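# Structural characterization, general
The chain contents come next:
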Protein chains: 2
Amino acid sequence: MESVVNVVKGKQLYEGKAKIIYATDKPDLYIQYFKDDATAFNAQKKGTIGQKGICNNKISTCFFELLQTKGIDTHFVKMLSEREMLVKRLDIVQVEVTIRNIVAGGMAKLLGLEEGIELKEPVLEYHYKHDGLGDPLINEYHIKALDLATDEEMHYIRERSFEINNILKNFLVDRALILVDFKLEFGRDAKKKIVLGDEISPDTCRFWDRETRKKLDKDRFRRDLGGIEDAYQEVLMRITGKK
Amino acid sequence: MESVVNVVKGKQLYEGKAKIIYATDKPDLYIQYFKDDATAFNAQKKGTIGQKGICNNKISTCFFELLQTKGIDTHFVKMLSEREMLVKRLDIVQVEVTIRNIVAGGMAKLLGLEEGIELKEPVLEYHYKHDGLGDPLINEYHIKALDLATDEEMHYIRERSFEINNILKNFLVDRALILVDFKLEFGRDAKKKIVLGDEISPDTCRFWDRETRKKLDKDRFRRDLGGIEDAYQEVLMRITGKK
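Residues numbered from 1 in each chain as written. Chains lettered and ligands numbered in written order. Predicted model: local features only at pLDDT ≥ 70, side-chain atom pairs only at ≥ 80, totals over all residues. Heavy atoms only, no water.

This brings us to the environment of H127 of chain B. Residues and elements named next belong to chain B. With respect to the secondary-structure elements, H127 resides in strand β9 (residues 118-128). Note: C-alpha distance between H127 and V97 (30 residues apart in sequence) is 6.6 Å. There is a polar contact of 3.0 Å between the side chain of H127 and the backbone oxygen of D135. A distance of 3.4 Å separates the side chain of H127 from the backbone nitrogen of L137, its partner in a polar contact. (Helix = DSSP H or I, 4+ residues; strand = E, 2+ residues; numbered from the N terminus. Polar contact = N/O pair within 3.5 Å; in protein donor to acceptor, adjacent residues only side chain to side chain.)

Structure (structure tokens):
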């Protein structure tokens, strides 16, 4: 467990689609600030989701704490405020890892499959983190050719991703949520060790209600299904037991 | 080596973009007939290339014979006529395997790379053989989810593909040709053994002149570079020593 750390917020380093990263007075610590801004389809669709930043900070905190108790190293240090999380500075691996338990979204479209098919074994995908190219699906040979990570790093990332899937799936099923799929990002910490970064929230996961299969994630925004804020609050409530 | 087989041509079973498949009086043998028809960009571009069928039949025959002498099992039995090849009946694995030694075509576009970059190690790609979906890039998890082949079959296919790359690359370099990339198809024979199928030709490979890097393959058709027929004849001449 991390010891208590007090930091002074520094200058803004980077503004992403859903978060802003700030420096601190400690070179190896950053603050990630969760915004209400939402984008979809490679930022072709834009909007805001009320209170999303607060929800996602709380939900991510809960998941990172859970994963750390199960031995998964993450960049999470502590929640600083409703919208701020103290994290380790990472050199991000430019590969997004997706794990899928049920066919939905990109996989349904790619392979011409019906959404909702249960996969016998989880499907792992790598996407090149490159907005200009539309985050294309790539494979391990492309990762090597682009020199995005070493074989050892990718092996570690793959193993951890499947482990994280098992931990989250089991945790969520007790809260009447199905983990359909989710996206992870990893990075190298100051000691060059690979740790989990980014966030784990309804922005980066698909959650369906176990009984009704109602979508409780960013698909409500992507597909104009309405009740977006309520869905995020519902996930927060089921996961943490409080609003 | 195959013993001499005499067959009687049967009915047409299937017409593809570049070949027609006929049955024979032997249930495990088919005839593949090489057409002059050419297509590109998932058949959005169509045309004919004079004598292409004859060239590709002769070039494929040469490559299949070469591979068989090196211990690679293929569907090739013998050349029957200028445009006809006797082949084993295969249950085709619906996965196209691409091996790349130099960045070109789809990989350049996918990753935003310059065409012509030499890869430190060959890049392997799998594409789902599905015209309606545009033959998308997929990975081994998708192959498993779609039940296209077993893990053992894919392991065998991957190993053979890299071996074939080495054999062809070495053969071609002596003929002043660079093997930029190529596509392979595999299938299961009557004994469920995986063997190489389809063809190996300027339709399915990129060949560049070793000195000038002039394109001597279907890219001349795709990109309207002219001299298409001459390029196919040139490859045939360099590979077989005769027209």
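Once turned by 180° and shifted 0.0 Å along the axis, chain B lies on chain A with an RMSD of 0.0 Å. Given the turn and translation reported, the copies of this chain are related as if by a two-fold rotation axis. Identified as the residue of chain B closest to the rotation axis by C-alpha distance is N139 of chain B, at 3.3 Å. Mapped onto chain A, 100% of the interface residues of chain B again fall at the interface, so both copies present the same surface. (Least-squares fit on C-alpha atoms with pLDDT ≥ 70 in both. Contact = heavy atoms within 4.5 Å.)

What follows deals with the interface of chain B and chain A. Of the residues lining the interface, 25 residues belong to chain B; the matching set on chain A comes to 25 residues. The largest share of the area that chain B buries against chain A comes from L111, Y141 and H142 of chain B, three residues that together contribute 31% of it. In this assembly, chain B and chain A are joined by two salt bridges. For K144 of chain B, the salt bridge goes to E121 of chain A, with nearest N and O atoms at 3.3 Å. (Buried area = accessible area lost by both parts, 1.4 Å probe. Salt bridge = Lys/Arg side-chain N within 4 Å of Asp/Glu carboxyl O.)

Quick look at helix α6 (residues 228-240) of chain A now. All names here are of chain A. Between the first and last C-alpha of α6 there are 19 Å, a value that for 13 residues agrees with the 18 Å anticipated at 1.5 Å per step. Listed in full, the buried residues belonging to α6 are I228, A231, Y232, Q233, V235, L236 and I239. In the core, the buried residues of α6 are packed alongside α1 (52-69), α4 (151-173), β11 (177-188), β13 (205-209) and α5 (219-222). Phi turns positive, to about 80°, at G241, one or two residues after α6. (Expected span 1.5 Å × (residues − 1). Buried < 20%, exposed > 50% of the residue type's maximum accessible area, 1.4 Å probe, protein only.)

Moving on to the packing of α1 of chain A against α4 of chain A. Residue and element names in this part refer to chain A. Between α1 and α4, whose axes approach to 11 Å, the crossing angle comes to 120°. With respect to α4, the axis of α1 lies oblique. Note on packing geometry: the crossing formed by α1 with α4 is right-handed. Counted together, C62, F63, L66 and L67 of α1 and I164, I167, L168, F171 and L172 of α4 form the full contact between these two elements. Grouping the constituent residues of the contact of α1 with α4 by class yields nine nonpolar, no polar and no charged. (Axes fitted to C-alpha atoms, helices over the stretch in contact; angles between N-to-C directions. Parallel < 35°, antiparallel > 145°, perpendicular 65-115°, else oblique. Left-handed = near helix turned anticlockwise from the far one by under 90°. Nonpolar A, V, L, I, M, F, W, Y, C, P; charged D, E, K, R; others polar.)

On to the sheet that holds strand β6 (residues 76-79) of chain B, then. Residues and elements named next belong to chain B. On the basis of which strands lie adjacent, the open sheet formed by five strands has the order β1-β2-β3-β7-β6 and antiparallel pairing. A strand with exactly one partner marks an edge of an open sheet, and here the two such strands are β1 (9-15) and β6. Averaged over all pairs of adjacent strands, the angle between their axes in this sheet comes to 30°, without regard to strand direction. As paired elements, strand β2 (residues 19-24) and strand β3 (residues 29-34) share five bridges and run antiparallel to each other. For Y22, the partnering residue across the bridge sits in β3 and is I31. Lying on the sheet, helix α1 (residues 52-69) is in contact with β3, β6 and β7 (84-88); it crosses β6 at an angle near 135°. (Pairing = 2+ DSSP bridges.)

In this section: the domain arrangement of chain A. Residue and element names in this part refer to chain A. Each assigned domain of chain A is listed here: domain 1 (9-90) and domain 2 (92-226). Computed from C-alpha atoms alone, the centre-to-centre distance between domain 1 and domain 2 is 17 Å. Each side of the interface is counted separately: domain 1 has 32 residues, and domain 2 has 31 residues. Where domain 1 abuts domain 2, roughly 2,600 Å² becomes buried across the two surfaces, and 65% of that area is made up of carbon and sulfur atoms. Between D189 and K88 there is a salt bridge, and its shortest N-O distance comes to 4.0 Å. Here domain 1 is connected to domain 2 by 17 residue pairs in polar contact (both at pLDDT 80 or more). Elements with a minimum of two residues in the side of domain 1 that touches domain 2: β3 (29-34), β4 (37-40), β5 (45-48) and α1. Among the elements that make up the side of domain 1 that touches domain 2, the one with the highest residue count is α1 (nine residues). (Domains from an automatic or database assignment.)

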